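Summary of structural features
As a plain string of letters, each chain reads:
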Amino acid sequence: MAISDSSSRILAGLLEARTGQQLTMSRRWRIETALSGLMRQRKIASIDELITLLVMNRDARLSDEVIEALLNNETYFFRDRAPFDMLQRELLPAVRNARLAERKLAIWSAGCSTGQEAYSIAMMIAEDPLAWAGWEIEIVGTDVSRTVTDRAREGIFTHFEVQRGLGIQQTIRWFEERGDQWAVVDQIRDMVRFEARNLFDAPPRPGQFDLILCRNVLLYFCNAKRRDAFDRMASALKPDGGLLLGAGETVIGQTERFAADRSMRGIYRLAGGRDADRRATGS
Ligand SMILES: C[S@@+](CC[C@H](N)C(=O)[O-])C[C@H]1O[C@@H](n2cnc3c(N)ncnc32)[C@H](O)[C@@H]1O
């Protein structure tokens, strides 16, 4: 299935307009593989036919499905491990100390895919019951793709997905075997809420977070969209909150709203605190 330049430009334009994700020339090879399942299912014989349905017939459902198929949803439990070790050892204890009076903790996994990142945090907190007893904990996972947030909410993972990142003990403790799949136990599932939500829409409830994880999402945004996403996350972060990005992602040269925390590797803080945030949003 050969894809003409004009077809790949139309598909890339659709994806970028809806999600901010750029399908750069070097990533356009993905189009064919990414769309083959959808085209088979919809009995669409060629990319040209697909484009006609999208452009001429303005099939909104089909355009949602195309966008979802083009998104990269790669994720796994405790991805890259080191950031989770840092959260466990340094950031979560620090947030806990800072919030002892109110005993409330709010965490947002922005671009959560099928939920492994949010569930990893929930497991980490559940594994320290003494520290968090009596706390009101809200962990929210959002993603522009409804398919992945529906799957995340189900909390059912294949053997392969569970093996990626989880040891046997954690698997047995936090999952129930269901045939050849693993269902996350209610205790963990009940700690996490998932919503289909674009990063460029309003943030999810409660709107102000102690920690935002936005990992491996901003990588393919153009500079302007990335800056916009940082602005939105800055407004959704508590003045002393932390932002965690993916390996290889940084705020340096991308935004003035965040600065690296010198004592916690990989954590970004609001530059100039909330005052700078108010100045920037005019609120
Ligand atoms: C590569 S996955 C990363 C998942 C997880 N954060 C991790 O690091 O393992 C990127 C996710 O970002 C989502 N995404 C892309 N653009 C988005 C947008 N504008 N708003 C919300 N989610 C978006 C994709 O659907 C995808 O599930």
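Residues numbered from 1 in each chain as written. Predicted model: local features only at pLDDT ≥ 70, side-chain atom pairs only at ≥ 80, totals over all residues.

1. So, the packing of helix α2 (residues 30-41) against helix α4 (residues 60-70)
Each pair of packed helices gets described by two things: the angle between the helix axes and the distance between those axes. In contact at an axis separation of 9 Å, α2 and α4 are set at 135 degrees when each is read in the N-to-C sense. Comparing the axis directions of α2 and α4 gives the class oblique. By crossing handedness, the relation of α2 to α4 is classed as right-handed. Contact with α2, carried on its side by I31, A34, L35 and L38, involves E65, V66, A69 and L70 of α4 and no other residues of that element. Taken together, the residues of the contact of α2 with α4 sort by class into 7 nonpolar, no polar and 1 charged. (Axes fitted to C-alpha atoms, helices over the stretch in contact; angles between N-to-C directions. Helix = DSSP H or I, 4+ residues; strand = E, 2+ residues; numbered from the N terminus. Parallel < 35°, antiparallel > 145°, perpendicular 65-115°, else oblique. Left-handed = near helix turned anticlockwise from the far one by under 90°. Contact = placed C-beta atoms within 7 Å. Nonpolar A, V, L, I, M, F, W, Y, C, P; charged D, E, K, R; others polar.)

2. Thoughts on the domain arrangement of the protein chain
Partitioning the protein chain into domains gives domain 1 (5-70) and domain 2 (82-281). Using C-alpha coordinates to define each centre, domain 1 is positioned 29 Å away from domain 2. Across the contact, 5 residues belong to domain 1 and 10 residues belong to domain 2. Classifying every residue of the side of domain 1 that touches domain 2 by side-chain character gives no nonpolar, 4 polar and 1 charged. (Domains from an automatic or database assignment.)

3. A few points about the site of the ligand
Neighbouring the ligand are 24 residues, the closest being T75, G111, S113, L199 and R215. The residue makeup of the shell around the ligand, split by class, is 7 nonpolar, 12 polar and 5 charged. Domain assignment of the residues forming the shell around the ligand places at least three in each of domain 1 (5-70) and domain 2 (82-281). (Near = placed C-beta within 6 Å.)

4. Comments concerning the packing of helix α1 (residues 5-19) against α4
Interaxial distance between α1 and α4 falls to 10 Å at its minimum, and their mutual angle equals 90 degrees. Judged by the angle between their axes, α1 and α4 are roughly perpendicular. Packed against α1, whose contacting residues are L11, L14, L15, R18 and T19, the element α4 presents S63, V66, I67 and L70 at the interface.

5. Looking at the sheet that holds strand β2 (residues 136-143)
One open sheet holds the 7 strands; their spatial order is β6-β2-β1-β7-β8-β10-β9, and the pairing between them is mixed. Bordering the open sheet on either side are β6 (192-196) and β9 (258-260), each of which pairs with just one other strand. Going from strand to strand, the sheet's axes swing by 25 degrees on average, the running direction of each strand aside. As defined by bridge partners, strand β8 (residues 237-245) adjoins strand β10 (residues 267-270) across 2 bridges and the pair is classed as antiparallel. Bridging from a neighbouring strand, L243 pairs with Y268 of β10. Packed on one face of the sheet, helix α8 (residues 146-154) meets β2 and β6 and runs near 160 degrees to β6. Lying over the sheet, helix α12 (residues 223-235) contacts β1 (104-110), β7 (209-214), β8, β9 and β10, oriented at roughly 140 degrees with respect to β8. (Pairing = 2+ DSSP bridges.)

6. What to know about the pairing of β2
Note: β1 against β2, 7 bridges, orientation parallel. Residue A106 lies in a different strand from β2, and its bridge partner there is E138. Pairing analysis gives 5 bridges linking β2 to β6, with the strands arranged parallel. Each residue of the ladder has a partner; that of D143, found in β6, is A196.

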